[in-house]
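# Observations on the three-dimensional arrangement
Read off the chains here:
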Amino acid sequence: MTDTASTTSWPTGISAITLFVEDLDATKRFYREVFGLPVALEDGNSAVFEFGNTMINLLKATAARDLIAPARIAQAEAGSRLQLTLPVDDVDAMCKELAARGVTLLNGPMDRPWGIRTASFRDPGGHIWEIAR
């Protein structure tokens, strides 16, 4: 196999992650209240939030079907297949802040065997978010 692509043409980061959600309004409200971010872009089927250089696009599951066809959209109850991690300065302090914002933790805060402290929670679409230091 011949490598015709130069190493400079390979992507250097992820510009957007699209998360499929059943209830766009509830998930949008969660992102505004929990992450304290404004909606950067939106239409009737989606809302985009900017996490630094990465956009998180919340897309109604009904609108996502055409986007990924012929693949199927899994229901939130099927279980998680990804985790999104946000770095924070103080995991314990952020856990207290998350609790004040009405967030229930799935786990943590805890020290992981690989040397970081983490906690995780779920958004209304079932996506797992981790905070880590």
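Shown above is the structure to which this text applies.
The shown structure was predicted, so the numbers you read here are calculated from the model rather than taken from an experiment.

All chains considered together, the criterion is met by 11 aromatic pairs. Centroid distance Tyr31 to Phe51: 6.5 Å. Interplanar angle 85 degrees. Geometry classified as edge-to-face. Residue Tyr31 is located in helix H1 (residues 24–35), and its partner Phe51 is located in strand S3 (residues 46–51); the two are separated by 20 residues in the primary sequence. On the basis of relative accessible area, Tyr31 is assigned to the buried category, the value being 0%. Ring geometry for Phe35 versus Trp129: centroids 4.9 Å apart, planes at 55 degrees, classification tilted. Linking Phe35 in helix H1 with Trp129 in strand S8 (residues 128–132), this pair joins segments that are 94 residues apart in sequence. Per residue, the accessibility class of Phe35 equals that of Trp129, and both read buried. Connected via pairs of aromatic rings, a cluster forms that spans Phe30, Tyr31, Phe35, Phe49, Phe51, Phe121 and Trp129.

Take the sheet that holds strand S4 (residues 54–60) next. A sheet is described by the order of its strands in space; here four strands give the open sequence S1-S4-S3-S2, paired in mixed fashion. With one partner strand each, in any of the chains shown, strand S1 (16–21) and strand S2 (41–42) form the two edges of the open sheet. Two strands pair when backbone bridges link them, and S1 and S4 are joined in this way by six bridges, in the parallel orientation. Looking across to S4, one finds that Val21 is bridged to Lys60. Of the strands in this sheet, S1, S2, S3 and S4 touch H1, which is tilted by about 20 degrees from S3. Contacts from helix H2 (residues 61–68) reach S1 and S4, with the element oriented near 110 degrees to S4.

Further remarks concern the environment of Ala132. Turning to its location among the elements, Ala132 is positioned in strand S8. Given the relative accessible area of 10%, Ala132 is considered buried. Remark: the alpha-carbon pair of Ala132 and Arg29, spanning 103 residues in sequence, is separated by 23 Å. Those residues in contact with Ala132, other than ones at most four positions away along the chain, are Thr85, Leu86, Pro87, Val88, Val91, Ile116, Arg117 and Thr118.

Cut-off values and rules
- Residues numbered from 1 in each chain as written.
- Predicted model: local features only at pLDDT ≥ 70, side-chain atom pairs only at ≥ 80, totals over all residues.
- Heavy atoms only, no water.
- Phe/Tyr/Trp six-rings, centres within 6.5 Å; stacked < 30°, edge-to-face > 60°.
- Helix = DSSP H or I, 4+ residues; strand = E, 2+ residues; numbered from the N terminus.
- Buried < 20%, exposed > 50% of the residue type's maximum accessible area, 1.4 Å probe, protein only.
- Pairing = 2+ DSSP bridges.
- Contact = heavy atoms within 4.5 Å.
- Axes fitted to C-alpha atoms, helices over the stretch in contact; angles between N-to-C directions.

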